[in-house]
Amino acid sequence: MKYYLIVGEASGDLHASHLMQSLKEIDKEAEFRFFGGDLMTAVGGTRVKHYRELAYMGFIPVLLHLPTIMKNMRMCQQDITAWQPDCVILVDYPGFNLKIAKYVKSRTDIPVYYYISPKIWAWKEYRIKHIKRDVDELFSILPFEVEFFEGKHHYPIHYVGNPTADEVRAWKEKKGKWKEESGKREENTQRPVIALLAGSRKQEIKDNLPAMLEAAKAYEKDYRIVVAGAPAIAPDYYRPFMIGSHAEIVFDKTYELLSQSHAALVTSGTATLETCLFQVPQVVCYETPLPWLLGYLRRHFIKVKYVSLVNLVANREVVPELVAETFSVDHIRKELGRILEGPARETMLEGYEDVRRRLGDQKAPDNAARMIIQLLTNHKKSV
């Protein structure tokens, strides 16, 4: 069968590549065409556009690049119509993907499946109307979403397990070799590591990394400070932020880094869950250009109490979140000190076990692939 996939960022590329691999294992004649990245390309198929040409974050960048975004959307719509896949699989990235879903649903008979559902429980809940209208099946990777979609909005979904948990488990089984590689620097390997994960987009890095580096300076004597470079960001982008710091930087080694880390400063996102699953105590840091506005929105419009996936899955505060008005170098430094040793560290690690239990041990891409193929088989029989 023919599968058309659309992702808009690095995490989507990772998750979609695993789903493609699972689909190939069941459907030996699977053909792929996609808006995606290098990992999806490695699985096979035709890449129409790299996600780096799609990823714009924030109101101003989106506004400035609106002609390009619209051009890419038209290209995607026309390409789907011309290729006539058996289904379209959307992966997160709702601003773009929900518009594609609307087009496909209104112009074709192609089923639309959503893998990694839009986080409308946090923001833009009105999108449930679009999902109900334009998405045939939704596959969730967060257990608390079942109650939101099914209990609150009466829209049945499939919880298939969490791919991040799958990926961390798989990596641990292979046991990475970063420790041996970095062991060449004997003087550094004697000190424990504090990891800095400042996000996967330029704006996130610009907003968060300087404060993270400044806060971590207080611990440079006793700890190695190591920045996890984002895969889609060039090393040159990081250099101005690293001036005056003794921190190191590694690229494409986030799991290796976390496996060796004693603590971490993490920008909200999938990285908070990865850090949890590697059992690394963390402080969640998320700066915004207008902190007072975000604070107001959190109090009056944003529907959830937490920004980190760790706390959302646990439904309680397991990790401290320094967001909007609470984000500052002093607060980051203080919270980091609390989790390096002592009772706060142990309490957090206990909370991590609760998160792991809630996520379960299902293999998300395998489950989703089986369901998608069964749904397509049934669809073909009914046509």
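Okay, so let's go over this structure. (Residues numbered from 1 in each chain as written. Predicted model: local features only at pLDDT ≥ 70, side-chain atom pairs only at ≥ 80, totals over all residues. Heavy atoms only, no water.)

Running from N to C, helix H1 (residues 10–26) and helix H8 (residues 163–174) cross one another at 80 degrees; their axes reach a closest spacing of 11 Å. The pairing of H1 with H8 is recorded here as roughly perpendicular in orientation. Here Leu-14, His-15 and His-18 of H1 come into contact with H8, specifically with Pro-163, Thr-164 and Glu-167. (Axes fitted to C-alpha atoms, helices over the stretch in contact; angles between N-to-C directions. Helix = DSSP H or I, 4+ residues; strand = E, 2+ residues; numbered from the N terminus. Parallel < 35°, antiparallel > 145°, perpendicular 65-115°, else oblique. Contact = heavy atoms within 4.5 Å.)

Our next topic: the pattern of salt bridges. Under the definition given, this model contains 19 salt bridges. For Asp-86, the salt bridge goes to Lys-380, with nearest N and O atoms at 2.7 Å. Pair noted here: Asp-86 is in the loop between helix H4 (66–83) and strand E4 (87–91) and Lys-380 is in helix H19 (residues 364–382), with a separation of 294 residues, a long-range link. (Salt bridge = Lys/Arg side-chain N within 4 Å of Asp/Glu carboxyl O.)

This part is about helix H14 (residues 270–277). Note: α-helices contain 3.6 residues per turn, so residues at a spacing of three or four share the same orientation. Where burial is concerned, most of H14 is hidden: seven out of the eight residues are buried. For H14, the full list of buried residues reads Ala-271, Thr-272, Leu-273, Glu-274, Thr-275, Cys-276 and Leu-277. Once H14 finishes, Gln-279 follows within two positions and takes phi at roughly 60 degrees, a positive value. (Buried < 20%, exposed > 50% of the residue type's maximum accessible area, 1.4 Å probe, protein only.)

Turning next to the sheet that holds strand E2 (residues 31–36). Whenever strands of a sheet pair, they do so through backbone hydrogen bonds, lying parallel or antiparallel. Overall, parallel pairing links the seven strands, which are arranged E3-E2-E1-E4-E5-E6-E7 in an open sheet. Edge positions in the sheet fall to strand E3 (46–50) and strand E7 (158–159), since each of these pairs with one other strand and no more. In the sheet, E2 pairs with E3 via four bridges, with the strands oriented parallel. What sits directly across from Phe-35, in E3, is Lys-49. This element, H19, spans strand E1 (2–6), E4, strand E5 (112–115), strand E6 (137–140) and E7 of the sheet and lies at about 170 degrees to E5. (Pairing = 2+ DSSP bridges.)

With that settled, consider the environment of Phe-139. With respect to the helices, strands and loops of the structure, Phe-139 is situated in strand E6. For the pair Phe-139 and Ile-157, spaced 18 residues apart in sequence, the C-alpha separation works out to 6.0 Å. Once residues lying within four places of it in the same chain are set aside, the contact partners of Phe-139 are Tyr-113, Tyr-114, Tyr-115, Ile-116, Ser-117, His-158, Val-160, Ala-368, Met-371, Ile-372 and Leu-375.

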